[in-house]
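# Architecture at a glance
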Amino acid sequence: MTELRIAIVGFGKIARDQHVGAIAAVPGATLAAVASRNASLPDLPHFSTIEELLEKGPPIDAVSLCTPPQVRRAQAAAALAAGKHVMLEKPPGTGVAELDPLIAMAATAKRTLFATWHSRYAPAVEPARAWLAARRIRSVHINWKEDVRVWHPGQAWIWEPGGLGVFDPGINALSILTRILPSQVFVTAAELAFPANCQAPIAANLSLTDIGGLPITAEFDFRRTGPQSWDIVAETDEGRMALSRGGRIMAIDGKAVAEAPDQEYRELYQRFVKLAASGESDVDLTPLRLVADAFLLGKRTIVEPFVD
């Protein structure tokens, strides 16, 4: 099998923690170069920008964009124009409509555009989806609270327009929600807490539902210290189903029934290799649409300034 030669563009925490190891572990994928203004890897070609990479870099087949979402659209367009397959870290962009031209470019060029939702690949997500499909769901609650200083240290872009703030992790919960529920959901109300010195929310409470009136609530907060929470609980006619640790553990009425090690990013790259082999794309914008609607419907409150 021909190796998919991949360049990582943007070499921050997520690229170092997840992408490098995942590429190394996936047959058919190889890391060929890095483009980043501030970081590099020993023994790999390094370039400051994607433009320099595409002009002067070694032969590559694909780019994995791990840059802040505010700059991904232009980078993805440049890569597609150069005939490369493109993987987009989540969220895939700063808005919904900006992805449409990229989808069209990929189709015209017969290249892959892959908008990734890594939390959907958590090991308990598919078991939860199968279990819920056979039950009547009465309510769903999301509790997604973490310490931004631990998980996003020094990442000022997350507080700028398009950075999404607390929705950067919160969109992971929405990606799981829209995978495990058998019906489409939409936002009906939102409360967004903005620090006085930031352009993105630090906390958010959402109300959602489906066409049948299913009550769904979500609490997102970047101010959690101590134990972190990445939980989704569904009350059904046959008991309570709980996903915890971001979809790694599934429990029914308190008893764990599915648990496995984290291989989310490895599975993302396995999917990317398969998509690139056929030139197909995979761009599901449902979680991003929910975030966009939360901003449209959200009641804004101003809270204390955030200091990293």
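In this report, we go over the structure that sits alongside the text.

The next point concerns the sheet that holds strand β11 (residues 229-236). If you walk across this open sheet you meet the 9 strands as β14-β13-β12-β11-β7-β10-β9-β8-β15, and the pairing is mixed. A strand with exactly one partner marks an edge of an open sheet, and here the two such strands are β14 (255-259) and β15 (298-303). Across the sheet, the mean angle from the axis of one strand to that of its neighbour is 15°, orientation sign disregarded. The pairing of strand β9 (residues 203-210) with strand β10 (residues 216-221) spans 6 bridges and is classified as antiparallel. The residue bridging N205 from the neighbouring strand is E219, located in β10. Packed on one face of the sheet, helix α5 (residues 125-133) meets β7 (137-145), β11, β12 (239-244), β13 (249-252) and β14 and runs near 160° to β12. Against the sheet, helix α9 (residues 286-297) touches β8 (185-195), β9 and β15, its axis set at about 65° to β8.

Between the first and last C-alpha of helix α1 (residues 13-25) there are 19 Å, a value that for 13 residues agrees with the 18 Å anticipated at 1.5 Å per step. Maximal helix bending in α1 amounts to about 35°, located at H19. Of the positions making up α1, those classed as buried are A15, H19, A22 and I23.

Here we take up the packing of aromatic side chains. For any pair of aromatic rings, the description consists of the separation of the ring centres together with the inter-plane angle of the planes. Counted under the stated rule, the structure contains 7 aromatic pairs. With a centroid separation of 5.7 Å and 65° between ring planes, the pair formed by W159 and F222 is classed as edge-to-face. Separated by 63 residues along the polypeptide, W159 in the loop between α6 (148-151) and α7 (167-180) and F222 in the loop between β10 and β11 bring together distant segments of the chain. With respect to burial, W159 and F222 carry one shared label: buried. Taking the centre distance of 5.5 Å and the plane angle of 50° together, the rings of F167 and F295 count as tilted. Of this pair, F167 sits in helix α7 while F295 sits in helix α9, and the two are 128 residues apart along the sequence.

This paragraph deals with the pattern of salt bridges. Enumeration over the complete set of coordinates arrives at 13 salt bridges. Its salt-bridge partner being D284, residue R120 comes within 2.8 Å of it at the nearest N-O pair. Here R120, found in the loop between β6 (113-115) and α5, pairs with D284, found in the loop between α8 (264-278) and α9; they are 164 residues apart in sequence, far enough to count as distant. The class for D284 is partly exposed, based on a relative accessible area of 22%.

Glancing now at the pairing of β13. Neither face of β13 is open: one carries I249 and A251, the other M250 and I252, and all of them are buried. Bridge count for β12 against β13 is 4 bridges, and the pairing is antiparallel. Paired with L243 across the bridge in β13 is M250. Connecting β12 to the antiparallel partner β13 that follows it, the hairpin turn spans 4 residues, and R245 within it adopts a positive phi of roughly 55°. Pairing between β13 and β14: 4 bridges, direction antiparallel. When the bridges of β14 are listed, I252 appears paired with K255. Here β13 folds back onto β14, and the loop between the two strands holds 2 residues, one of which, D253, carries a positive phi near 50°.

With that settled, consider the packing of α5 against α7. To characterise two packed helices, one gives the angle between the axes of the helices and the distance between these axes. Where α5 meets α7, the axes come as close as 8 Å, and the angle between the chain directions of the two elements is 40°. Between α5 and α7, the interaxial angle falls into the category oblique. Residue-level contacts link V125, E126, A128, R129 and L132 of α5 to I176, R179 and I180 of α7.

Attention now goes to the sheet that holds strand β4 (residues 62-65). With parallel pairing, the 6 strands of this open sheet are ordered in space as β3-β2-β1-β4-β5-β6. Looking at strand neighbours, the two that pair on one side only are β3 (46-47) and β6, the edges of this open sheet. Across 6 bridges, the pairing between strand β1 (residues 4-9) and strand β2 (residues 29-35) is parallel. The residue of β2 that forms the bridge with L4 is A29.

Thresholds, definitions, all that
- Residues numbered from 1 in each chain as written.
- Predicted model: local features only at pLDDT ≥ 70, side-chain atom pairs only at ≥ 80, totals over all residues.
- Heavy atoms only, no water.
- Pairing = 2+ DSSP bridges.
- Helix = DSSP H or I, 4+ residues; strand = E, 2+ residues; numbered from the N terminus.
- Axes fitted to C-alpha atoms, helices over the stretch in contact; angles between N-to-C directions.
- Contact = heavy atoms within 4.5 Å.
- Expected span 1.5 Å × (residues − 1).
- Bend = angle between axes of the 7 residues up to and from the residue.
- Buried < 20%, exposed > 50% of the residue type's maximum accessible area, 1.4 Å probe, protein only.
- Phe/Tyr/Trp six-rings, centres within 6.5 Å; stacked < 30°, edge-to-face > 60°.
- Salt bridge = Lys/Arg side-chain N within 4 Å of Asp/Glu carboxyl O.
- Parallel < 35°, antiparallel > 145°, perpendicular 65-115°, else oblique.

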